[in-house]
Amino acid sequence: MRGTALAAAAMAGVLTLAGCAKDSGGGNSSNNTAASTGGSDCVTAQKPPAAPAAASSSTAAGAKVDGSKLKIGLAFDVGGRGDASFNDAAAAGTDKAKSDLGVTTVSESTASASEAESAKQQRLDQMAASGLNPIIAVGFAYAKSVEAVATKYPNTKFAIVDDDSIKLPNVTPLVFAEEQGSFLAGVAAAYKSKNCHIGFVGGVNTPLIQKFEAGFLQGAKTVSSKIKIEDEYLTPAGDFSGFQDPPKGNAKAAAEIAKGADVIYHAAGASGKGVFDAAKAGNALAIGVDSDQYNQKTVEADKDVIITSMLKRVDVAVFDYITALAKGDVTTLPKRFDLKVDGVGYATSGGKVDDIKDVLDGYKAQIIAGAITVSDKPQK
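Residues numbered from 1 in each chain as written. Predicted model: local features only at pLDDT ≥ 70, side-chain atom pairs only at ≥ 80, totals over all residues. Heavy atoms only, no water.

*Asks:* Would you mind going over the state of the cysteines in detail, with residue names and values included?
*Replies:* Between two cysteines, a covalent bond joining their sulfur atoms is known as a disulfide. All told, the structure shown has 1 disulfide when counted by the stated rule. With its sulfur 2.2 Å from that of its partner, Cys42 forms a disulfide with Cys196. When the S-S torsion is 65°, as for the bridge of Cys42 with Cys196, the disulfide is right-handed. Of this pair, Cys42 sits in the loop between helix H1 (7–10) and strand S1 (71–76) while Cys196 sits in the loop between helix H5 (178–192) and strand S6 (197–205), and the two are 154 residues apart along the sequence. Cys42 sits in the buried class, given a relative accessible area of 2%. (Disulfide = S-S within 2.5 Å. Helix = DSSP H or I, 4+ residues; strand = E, 2+ residues; numbered from the N terminus. Buried < 20%, exposed > 50% of the residue type's maximum accessible area, 1.4 Å probe, protein only.)

*Asks:* Run through the sheet that holds strand S8 (residues 263–267), naming residues and quoting values.
*Replies:* Ordered by their spatial adjacency, 6 strands build an open sheet running S7-S6-S8-S9-S10-S11, and the pairing between neighbours is mixed. Of all the strands in the sheet, the pair left with one neighbour each is strand S7 (228–236) and strand S11 (344–346). The sheet shows a mean angle of 15° between the axes of neighbouring strands, direction not considered. Pairing of strand S9 (residues 285–290) with strand S10 (residues 306–312) involves 5 bridges; the strand directions are parallel. Bridged to Val289 within S10 is Met310. (Pairing = 2+ DSSP bridges. Axes fitted to C-alpha atoms, helices over the stretch in contact; angles between N-to-C directions.)

*Asks:* How would you summarise the packing of aromatic side chains if you had to cite specific residues and measurements?
*Replies:* Per the counting criterion, the structure on display carries 8 aromatic pairs. Arranged with centres 5.9 Å apart and planes meeting at 70°, the rings of Phe200 and Tyr233 form a pair that is edge-to-face. Separated by 33 residues along the polypeptide, Phe200 in strand S6 and Tyr233 in strand S7 bring together distant segments of the chain. Connected via pairs of aromatic rings, a cluster forms that spans Phe200, Phe216, Tyr233 and Tyr265. Lys96 extends its terminal NZ or CZ atom over the ring of Phe319, reaching a point 4.9 Å from the ring centre. (Phe/Tyr/Trp six-rings, centres within 6.5 Å; stacked < 30°, edge-to-face > 60°. Lys NZ or Arg CZ within 6 Å of the ring centre and 35° of its normal.)

*Asks:* Quick one: what's the story with empty space enclosed by the protein, residue by residue and with numbers?
*Replies:* What the rule picks out here adds up to 3 cavities of 30 Å³ or more. The volume enclosed by the largest cavity comes to roughly 190 Å³. Ranked by the residues each element gives to the lining of the largest cavity, the list is headed by helix H6 (residues 207–223), at 3 residues. Here the lining of the largest cavity is composed, by residue class, of 11 nonpolar, 4 polar and 5 charged. Split by domain, the lining of the largest cavity shows at least three residues from each of two domains, domain 1 (71–174) and domain 2 (178–312 + 350–369). (1 Å grid on protein atoms, 1.4 Å probe; cavity = no way out; pocket = protein on both sides within 12 Å on 5 of 7 lines; lining within 4 Å. Points joined across faces, edges and corners; volume = space filled by probe spheres on them. Nonpolar A, V, L, I, M, F, W, Y, C, P; charged D, E, K, R; others polar. Domains from an automatic or database assignment.)

*Asks:* Talk me through the nonpolar core; I want residue IDs and the actual numbers.
*Replies:* One finds Phe212, Tyr265, Ile322 and Tyr363 to be the most contacted residues of the largest nonpolar core, which totals 76 residues. Two domains each donate at least three residues to this core, and these are domain 1 (71–174) and domain 2 (178–312 + 350–369). (Core = buried A, V, L, I, M, F, W, Y, C linked by side-chain atoms within 4.5 Å.)

*Asks:* Which residues make up the packing of helix H3 (residues 117–129) against helix H4 (residues 143–152), and what values go with them?
*Replies:* Following both chains from N to C, one finds H3 and H4 inclined at 35°, their axes separated by 9 Å at the closest point. Crossing angle aside, the handedness with which H3 passes H4 is right-handed. Between H3, through Glu117, Lys120, Gln121, Leu124, Asp125 and Ala128, and H4, the contact on the second element is made entirely by Lys144, Ser145, Val146, Ala148, Val149 and Lys152. Considered class by class, the residues forming the contact of H3 with H4 number 5 nonpolar, 2 polar and 5 charged. (Left-handed = near helix turned anticlockwise from the far one by under 90°. Contact = heavy atoms within 4.5 Å.)

Shown next, in the form of structure tokens:
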């Protein structure tokens, strides 16, 4: 895990490497964020330039959108509503559509970890046959089934989260720049680590979860040339139980902590609860994913160790899709929900990253400006 960060070249002239962020000179201590985090001996890069102040918007809210005629089918991935992560974020999007757009019908169904492709297709087929429209499939595992059922029901609108392979006029992809948000998680982990040793736990080793891994590795390496990183997955590609196995998440995170990692980032769905439990038991810190997990009831017992979460705004994408559909034009949606459109980001609940917020926002600004290009492939 000691490879050179991809961002180095792009950041020439933007970030100047220093021998150590702990400055013994006469500078103002408030400008030396690393010194206040306990990880100053780990951070070897100077802080990025401060992010510009956000411009205030004078745009009017516009006419209220009426979504009362929509009857939504929501097909969850493994874990379903209550996973404190990916699926809960999607559910939050439809919940907001109920409260803000007047949607009255949302029918939910959840995939099981070992179900056959035919079961997914049957779920979507039953939704379409019952008159639900639109149907939102939560997760790339639905790609084949969405394509098959959308072809069969050309007048039914479909959206699929995390897949853009389907080229049908009635299918809208909702995809994200997970690597960009995960870069900020890596920065936070390096700044907060006292051991200069952090860890990543992925649920299933797929190209999607590798995007989380890639951004995390790059972010941590960008701010520290000394960082040590444990990097593990719960299950191989094809075995989706890795998203719903808290005991396995606990064991993997505990092993990383035993090796010296003191900040663990997970991208493991409902298995993340086990990661949080291990962090609490091992006096380590943790970074959540997808939703603001500090505020999730199902992991409330571990909130004191959750310093931030990488926000993947599936809730925003789902709500925006429903809104656009109610207006009759889904072409207005972003091609990819990235940092620029707040499609990904980081959580501040609990105040545990308030002392490095200027650092995180500075890197966010650099990514948006194109000074840093975040890879979606892990560089080890």
